[in-house]
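# Observations on chain architecture
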Amino acid sequence: MKRRSFIKSMMAVSAVAVTPVALMAKEEAKAKKKGPNDLAFEAAVKAITSGKEVKDSEKIKLTVPEIAENGAVVPVKVEVDHPMEEANYVKAIHVLNTKNGNTRCVDVMLTPANGKGYFATRVKLGGTQEVVALVELSDGTFIKAGKSVKVTIGGCG
Amino acid sequence: MAEAEARKSMIKIKPKKFKTGDIVKVDFIVIHPMDTGLSKDKKTGQIKPAHYIDNITFSFDGKPFTTMKVWETVSTNPYFSVNFKVPGKGKITVDYTDNTGEKNSKSKKLKPKD
């Protein structure tokens, strides 16, 4: 009995001693883990729109998987139902996420020569979050659409 | 840069048969590590420096029609797809640079069947 209780107490002590250190190390690692251009979502949106109003729109068809098994490769497809004429066209498609270190993925500047507001790529997602397509039209207005993606294995480092 | 010369890339036009005035898909794929600057090298344990493509320009006969600004959040061996309305015979060129200053380009001829 003595031996058993001794082992138990030792285990308790070691558990107490180890956890705070481990936690601290984890927090330190989290604090250090910063990419070259970290940007929060609100700041990223502000940098793109420079404070203009952004409306949710059904014109944008955003195709992302509901559940992504591998966060390192998440296919994103954006289609904008808008004419592509000389005076009235889709000027830019910005693909953003909401929770990665850097929330900006790609900015695509389109011209009427494209014929259609379409863009597809693959992005990395660090965890379950939302993918947002922010579209700028040639008259200077912004519209957006977002969809959440459930990520089972994160893809950022 | 020796590494830059070895970088593989590919332009695909879909569908294969098209006419002048058709809207085609232009897919661009490049073999690139797209390191975020966060992950560790499995062999050495050192943190790999950030290395990602940051600018891409699609042009047709020297006139750019789509430009992209890319961040490290795009997947390894990235794939970019845009639409293009074929104005006639010509050459599509994709120029890309990365954050270390590497410059590369790839082109493909457009041959519409009328």
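Residues numbered from 1 in each chain as written. Chains lettered and ligands numbered in written order. Predicted model: local features only at pLDDT ≥ 70, side-chain atom pairs only at ≥ 80, totals over all residues. Heavy atoms only, no water.

## Topic: the interface of chain A and chain B
Taken together, the contact pairs 31 residues of chain A with 28 residues of chain B. Across the chain A to chain B interface the summed buried area is about 2,500 Å²; carbon plus sulfur atoms make up 53%. Its largest share of buried area at the contact with chain B, chain A owes to Y118, R122 and K124 of chain A, together 24% of the area lost on that side. Counting the contacts that link chain A with chain B gives zero salt bridges. If you look at where chain A meets chain B, you find 20 residue pairs in polar contact (both at pLDDT 80 or more). Sorting the residues of the side of chain A that touches chain B by element identifies β6 (104-109) and β7 (117-123) of chain A as the ones contributing at least two each. (Contact = heavy atoms within 4.5 Å. Buried area = accessible area lost by both parts, 1.4 Å probe. Salt bridge = Lys/Arg side-chain N within 4 Å of Asp/Glu carboxyl O. Polar contact = N/O pair within 3.5 Å; in protein donor to acceptor, adjacent residues only side chain to side chain. Helix = DSSP H or I, 4+ residues; strand = E, 2+ residues; numbered from the N terminus.)

## Quick word on helix α2 (residues 41-49) of chain A
All names here are of chain A. For α2, every residue scored as buried is listed here: F41, A44, I48 and T49. Down the axis of α2, the smallest arc covering the buried residues is 115°, so these residues share one side. Facing away from the buried side of α2 by over 90 degrees, the exposed positions are E42, K46 and A47. The inward-facing, buried residues of α2 contact β1 (54-56), β5 (90-97), β6, β8 (129-137) and β9 (142-153). (Buried < 20%, exposed > 50% of the residue type's maximum accessible area, 1.4 Å probe, protein only. Arc of directions from axis to C-beta.)

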